[in-house]
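Read off the chains here:
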2 protein chains.
Amino acid sequence: MKFELSKEYIEHIQSLIEEQSVAKLTEELTEIHAADIAEIYEAIELEQAHFLHNIIEDEKGADILMELEDDLRDQLLDNLSPKEIAEEVLENLESDDAADIVSELPQEVKEEVLSHIEDVEHASDIADLLNYPEDTAGGLMAKELIKVNKNWTVMRCVREMRKQAENVSFVYTIYVVDNNDILLGTLSLKKLLLTDAKTIISEIYKEDIIMVNANEDNEEVGNIMNKYDLIVLPVVNDLGQLIGRITVDDVMEVIKEEAEKDYQMASGISEDVESSDSVWTLTRARLPWLLIGMIGGLLGAKVIGIFDIEKNYQMAFFIPLIAAMGGNVGVQSAAIVVQGLAGGSIEFNGTFKRLIKELGVALVNGIICSSIIYIAAFLLGYEVWLSATVSIALLAVIIFAALFGTFVPLTLDKYKIDPALATGPFITTVNDVLGLFIYFLIGQMILS
Amino acid sequence: MKFELSKEYIEHIQSLIEEQSVAKLTEELTEIHAADIAEIYEAIELEQAHFLHNIIEDEKGADILMELEDDLRDQLLDNLSPKEIAEEVLENLESDDAADIVSELPQEVKEEVLSHIEDVEHASDIADLLNYPEDTAGGLMAKELIKVNKNWTVMRCVREMRKQAENVSFVYTIYVVDNNDILLGTLSLKKLLLTDAKTIISEIYKEDIIMVNANEDNEEVGNIMNKYDLIVLPVVNDLGQLIGRITVDDVMEVIKEEAEKDYQMASGISEDVESSDSVWTLTRARLPWLLIGMIGGLLGAKVIGIFDIEKNYQMAFFIPLIAAMGGNVGVQSAAIVVQGLAGGSIEFNGTFKRLIKELGVALVNGIICSSIIYIAAFLLGYEVWLSATVSIALLAVIIFAALFGTFVPLTLDKYKIDPALATGPFITTVNDVLGLFIYFLIGQMILS
């Protein structure tokens, strides 16, 4: 029922490959879903994946390619001639997936590959999709869909659907258009099943329809499908003509990547990297944030240098505590704002209301923490002036960091910059430095 | 085409409510999607939402309730009698949504509400769904589906589907079962459209089907639907009988919440909170991490206290830098592991291989950072022994933090603890303290 990729199973497949047991492999692999075979490819050597790919039938092979990581897919495609790519891969894929494959090919090969596709309509669909930027609705959509004219009867509708269905692997929705291909609405399968064969479509279709323009940003497409719980979303051009449809599985990736991007930013990683990427790629994604942290550290050193730490060396004991707490509170506050902005729940609250609330949270947290630290520092035997300094400074730092952590992402968002930037090392670093400044300022006031 | 909720529009609706212009409101609201009206409810006063809800027809009203945040939905439901909840709300919802509503009601009201549902089958479907824990496949599934017997002809199949379709709002897939209701496969609409009316279903259905047991964990359901690009997933009981289906929109929430949970953990927030929650809830979600940070800060104070900071007070200057860098590198390393584990790409790599790679990244980052800091500290006029100490300590801290940040989430995962815990303040705090220890140790070695 559920496929579990075990080490043993991989070894079993590998030994079958070594024995060149084509018959056995073919038998086993027909039972396994393309997405699972893709995982097998990823787990074995490239040579072995090549061997497997050659014995798998084209249609399934094409599906497997779509499930692979880009690197491995490119390596497997490198072995195929333009004609083979067209006939074995592209002809077995829906237009959106086929266009994704073609877009990754070198420019000079693209045209040749397309010319080898037998189904001219399919080839022109793919060529058309290549025109849309990857991060737009047009870049996500597929051309395959079922559309019917509002003037047809139910009977003609079913007959035409039969013809169209030959090119569509899965029927999601039946779209109703007028004579100019302008999208008017949808026809539910239910209505079609329950209505008399002579009824005209225009009498039974649903006009209320959510659609997007091909130029719409792909994140917005994700938001729309998520908000309205859509399985499939029709795409129109500037004239309102139906030109494609986006299914939710393609958008799920966009939504996931969006959430992961926030997470990566909060963790101080600047590019979309995976653990399987090269050492160099991983380094490049992480170094920028470390450099920001270093600049913060050098500024921190300067701040400490301003004050007479030589005379009041005990102040040094609590530098880590003050710095860490400022950073932690700032990131918490920023993360709550970032999620609120993403979910749309903050929109009507306004900056001022939000800051007042955050001030409340910071006061409660700050008073609890500074009381605890005063008692703890006293019990651990630190001098009273130091305990008092740390305690008062901590309260001040928590309040400042909370307000700053709230204010920065709201401001970034106002200027259309991704507010998640604020949860990364940037805000931690600024809070570190300013926290230290507050700490030493209060220390000096108490001591003088 | 796309609804934009502006402040002006809210004010416009509010003034119509004050004027009690029922006719105008009805006219405007029929044009607006339930999900958008839910946003309007959230933006206006409770009294006003009550007023609107009363003039909206039941079917749309029920959809709106499903789109609301839990608090507001409960407040609106409080105004309805058990009979009204049954007739106005539950009868207009699919079984899964209806069960969600009923499960939130007080125990003593549940039975009364169910008894008021006219459609007995619908009531028993809801009662049945209440038995499944919320975080399982059973808790996500709905009962409405189209199923046909493998022994039927295409003609009988269409006839029976017509009957069943009356209770199903949207036909996703046609399921094929045997005489004992055991799920055998699916029948595509395409096949149904293209096949002769006398053909027996068993000759044309697709056996290859992915299904889940009702007890399956909801995160796993999300993974399966995502991996196999499924729009709808059938649910079976222990006997293999078809008992329900899960649609992707319900799972999208699970996937999103999962990603958000990681983000919240990385940001030091322990509960699922939103910016609209009360000050007290927000405080409670944040305080635990702050207390961990405080304990780390106190330990840091102790570590500094061990060394003779009075004599070498200049060491204090770079405490923030060392602490911050340890924390940053640790969180980066942990985040990459967490995402790798979630995406399944680490599974076959093994801990050792992963640590070796991380060591490579840490060496490159560490050598770059420590070279820069040596030169920067020197140029800024710090003494040579201090520049050397900071530089060497930084390299050591970066390497240690990277390995520690990789090791901890891998170990947590091995013991089935959520590895995302490792990206939170916990790892930062430990790295802070150990980083300081390394720093002072190296400082003492160089000075002595």
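Residues take numbers from 1 onward in each chain, read along the sequence in its written order. The lettering of chains begins at A and the numbering of ligands begins at 1, in the order of writing. Owing to the predicted nature of the model, reporting of local features is limited to residues with pLDDT of at least 70; listing and counting of side-chain atom pairs is limited to 80 or more, with chain, interface and lining totals taken over all residues. Side-chain numbers here rest on the full set of heavy atoms in the structure, without hydrogens or water.

**Quick look at the overall build of chain A**
Phase 1 of the analysis: A count of helices and strands for chain A gives 21 helices and 6 strands.
Phase 2 of the analysis: Expected size for 448 residues packed as a compact globule is a radius of gyration near 22 Å; at 30 Å, chain A overshoots this value by more than 25%.
Phase 3 of the analysis: Here the C-alpha coordinates of chain A stretch approximately 90 × 65 × 45 Å along the principal axes.
Phase 4 of the analysis: Burial here depends on accessible area, computed with a 1.4 Å probe over protein chains only, as a share of the maximum for the residue type. Under 20% is buried, over 50% is exposed, and the range in between is partly exposed. For chain A, buried positions account for 55% of its 448 residues.
Phase 5 of the analysis: The contact definition used throughout considers only heavy atoms, calling two residues in contact when any of these lie within 4.5 Å. Once local pairs closer than 6 in sequence are excluded, the contacts in chain A between residues at least 24 apart make up 66%.
Phase 6 of the analysis: Charged residues are defined narrowly, with Lys and Arg counted positive, Asp and Glu counted negative, and His plus the chain ends left uncounted. Lys charges are placed at NZ, Arg charges at CZ, Asp charges at CG and Glu charges at CD. Positive and negative side-chain charges in chain A, numbering 31 and 76 respectively, have mean positions lying 10 Å apart. A run of H or I in DSSP counts as a helix once it spans at least four residues, and a run of E counts as a strand once it spans at least two, with each numbered from the N terminus. Using C-alpha atoms as the atom set, the radius of gyration is obtained and then compared with a globule rule of 2.2 Å times the number of residues to the power 0.38.

**Quick word on the sheet that holds strand β5 (residues 232-236) of chain B**
All names here are of chain B.
Phase 1 of the analysis: In this description, strands pair whenever DSSP reports at least two bridges between them. Taken together, 3 strands build an open sheet; the order of strands is β4-β5-β6 and the sheet is mixed. The open sheet has two edge strands with one neighbour each: β4 (212-213) and β6 (242-247).
Phase 2 of the analysis: Pairing analysis gives 2 bridges linking β4 to β5, with the strands arranged parallel. If you follow N213 over to β5, its bridge partner there is V236.
Phase 3 of the analysis: Sheet strands in contact with helix α15 (residues 218-227) are β4, β5 and β6, and its direction is about 135° off that of β5. Note on method: axes are straight lines fitted to C-alpha atoms, helices fitted across the in-contact stretch only, with angles between N-to-C directions ranging 0 to 180 degrees.

**Points about the interface of chain A and chain B**
Phase 1 of the analysis: On the chain B side, the residues contacting the 123 residues of chain A number 123 residues.
Phase 2 of the analysis: Summed over both sides, the interface between chain A and chain B buries roughly 11100 Å², with carbon and sulfur atoms accounting for 68% of that surface.
Phase 3 of the analysis: Any carboxyl oxygen of Asp or Glu within 4 Å of a side-chain nitrogen of Lys or Arg constitutes a salt bridge here. At the junction of chain A and chain B, the tally comes to 6 salt bridges.
Phase 4 of the analysis: A salt bridge links K227 of chain B to D36 of chain A; the nearest nitrogen and oxygen atoms lie 2.4 Å apart.
Phase 5 of the analysis: Polar contacts, as used here, are pairs of N or O atoms within 3.5 Å; protein pairs need one atom able to donate a hydrogen and one able to accept it. Residues neighboring in sequence count only if both atoms are side-chain atoms. Counting across the chain A and chain B interface gives 14 residue pairs in polar contact (both at pLDDT 80 or more).
Phase 6 of the analysis: Ranked by the residues each element gives to the side of chain A that touches chain B, the list is headed by helix α17 (residues 279-306) of chain A, at 17 residues.
Phase 7 of the analysis: Here the residues of the side of chain A that touches chain B are counted per class, giving 70 nonpolar, 26 polar and 27 charged. Once two parts are joined, some of their accessible surface, as seen by a 1.4 Å probe, is lost; buried area is that loss totalled over both. Basically, the charged four are Asp, Glu, Lys and Arg, the nonpolar ten are Ala, Val, Leu, Ile, Met, Phe, Trp, Tyr, Cys and Pro, and anything else, Gly included, counts as polar.

**A few points about the domain arrangement of chain A**
Phase 1 of the analysis: Boundaries between domains were set according to an automatic or database domain assignment. Here chain A is partitioned into domain 1 (7-133), domain 2 (146-247) and domain 3 (279-447).
Phase 2 of the analysis: Here domain 2 of chain A and domain 3 of chain A have C-alpha centroids that lie 53 Å from each other.

**Quick look at the relation of the copies chain A and chain B**
Phase 1 of the analysis: Between chain A and chain B, the superposition needs a rotation of 180° and an axial shift of 0.0 Å, giving an RMSD of 0.1 Å. Such a combination of turn and shift is consistent with a two-fold rotation axis. Of every C-alpha in chain A, the one belonging to Y263 of chain A sits nearest the axis of rotation, 2.4 Å from it.
Phase 2 of the analysis: A shared binding surface is used by both copies, with 99% of the interface residues of chain A retained as interface residues in chain B. The atoms used to superpose the copies are C-alpha atoms, taken from residues with pLDDT of at least 70 in both, and the fit is least squares.

**Details of the nonpolar core**
Phase 1 of the analysis: Within this scheme, the nonpolar core is defined by two criteria: the residues are buried Ala, Val, Leu, Ile, Met, Phe, Trp, Tyr or Cys, and they are joined through side-chain atoms within 4.5 Å. In terms of nonpolar packing, the biggest core is built from 132 residues, with Y41 of chain A together with Y41 of chain B touching the most fellow members.
Phase 2 of the analysis: By size, the runner-up hydrophobic cluster in this structure holds 82 residues, among which are A393 of chain A together with V303, I319 and A402 of chain B.

**Some words on the pattern of salt bridges**
When their charged atoms lie close together, side chains carrying opposite charge are able to pair.
Phase 1 of the analysis: What the rule picks out here adds up to 18 salt bridges over all chains.
Phase 2 of the analysis: Taking the shortest distance from any N to any O, the salt bridge between E87 of chain A and K83 of chain A comes out at 3.4 Å. A residue pair is termed a helical-turn pair when its members lie 3 or 4 positions apart in one helix, as E87 of chain A and K83 of chain A do in helix α7 (residues 82-89) at 4 residues.
Phase 3 of the analysis: Among the residues examined, K83 of chain A registers a relative accessible area of 42% and is labelled partly exposed.
Phase 4 of the analysis: Here the salt bridges do not stand alone but share partners, grouping D36 and E39 of chain A together with K227 of chain B into one network.

**Description of the packing of helix α1 (residues 7-18) of chain A against helix α2 (residues 22-30) of chain A**
All names here are of chain A.
Phase 1 of the analysis: Across the interface, α1 lies against α2 with an axial gap of 9 Å and an inter-helix angle of 145°. When the axes of α1 and α2 are compared, the crossing they make is left-handed. Contacts between α1 and α2 pair Y9, H12, I13, L16 and I17 from the former with K24, L25, E28 and L29 from the latter.
Phase 2 of the analysis: Across the contact of α1 with α2, the residue classes break down as 6 nonpolar, 1 polar and 2 charged. Handedness of a crossing follows from how the near helix is turned relative to the far one, being left-handed for an anticlockwise turn of less than a right angle and right-handed for a clockwise one.

**A few points about the environment of K206 of chain B**
Residues and elements named next belong to chain B.
Phase 1 of the analysis: Relative to the elements of secondary structure, K206 occurs in the loop between α14 (201-204) and β4.
Phase 2 of the analysis: Remark: the alpha-carbon pair of K206 and L184, spanning 22 residues in sequence, is separated by 8.4 Å.
Phase 3 of the analysis: Residues within four places of K206 in sequence aside, it is in contact with L184, G185 and T186.
Phase 4 of the analysis: Engagement of the side chain of K206 in a polar contact is seen with the backbone oxygen of D208, the distance being 3.4 Å.

**Quick look at the environment of V331 of chain A**
Phase 1 of the analysis: On the secondary structure map, V331 of chain A appears in helix α18 (residues 319-343).
Phase 2 of the analysis: Spatially, the C-alpha atoms of V331 of chain A and T406 of chain A are 9.1 Å apart, while their sequence positions differ by 75 residues.
Phase 3 of the analysis: Ignoring any residue separated from it by four or fewer positions in sequence, one finds V331 of chain A in contact with T423, I427 and T428 of chain A together with S267 of chain B.

**What about a nonpolar patch on the surface?**
Phase 1 of the analysis: Like-charged residues within 9 Å of one another, or nonpolar side chains (Val, Leu, Ile, Met, Phe, Trp, Tyr) within 5 Å, are grouped into patches, provided each residue has over 30% relative accessible area and no salt bridge. The accessible surface values rely on the Shrake-Rupley method and a 1.4 Å probe; as for residues, cover is taken only from the protein chains in view. A contiguous nonpolar patch, built from Y374, I375, F378, L379 and V384 of chain A and spanning about 510 Å² of accessible area, is present on the exposed surface.
Phase 2 of the analysis: Turning to its location among the elements, F378 of chain A is positioned in helix α19 (residues 351-379).

**Comments concerning α15 of chain B**
Phase 1 of the analysis: Here α15 of chain B has its buried residues at N218, V221, G222, I224, M225 and N226 of chain B.
Phase 2 of the analysis: Buried-residue contacts for α15 of chain B involve α16 (248-266) of chain A together with α11 (137-140), β4, β5, β6 and α16 (248-266) of chain B.
Phase 3 of the analysis: Two or three places before E219 of chain B, at the start of α15 of chain B, stands the capping residue D217 of chain B, its side-chain oxygen 3.1 Å from that residue's backbone nitrogen.
Phase 4 of the analysis: Just past α15 of chain B, the residue D229 of chain B takes up positive phi, approximately 50°.

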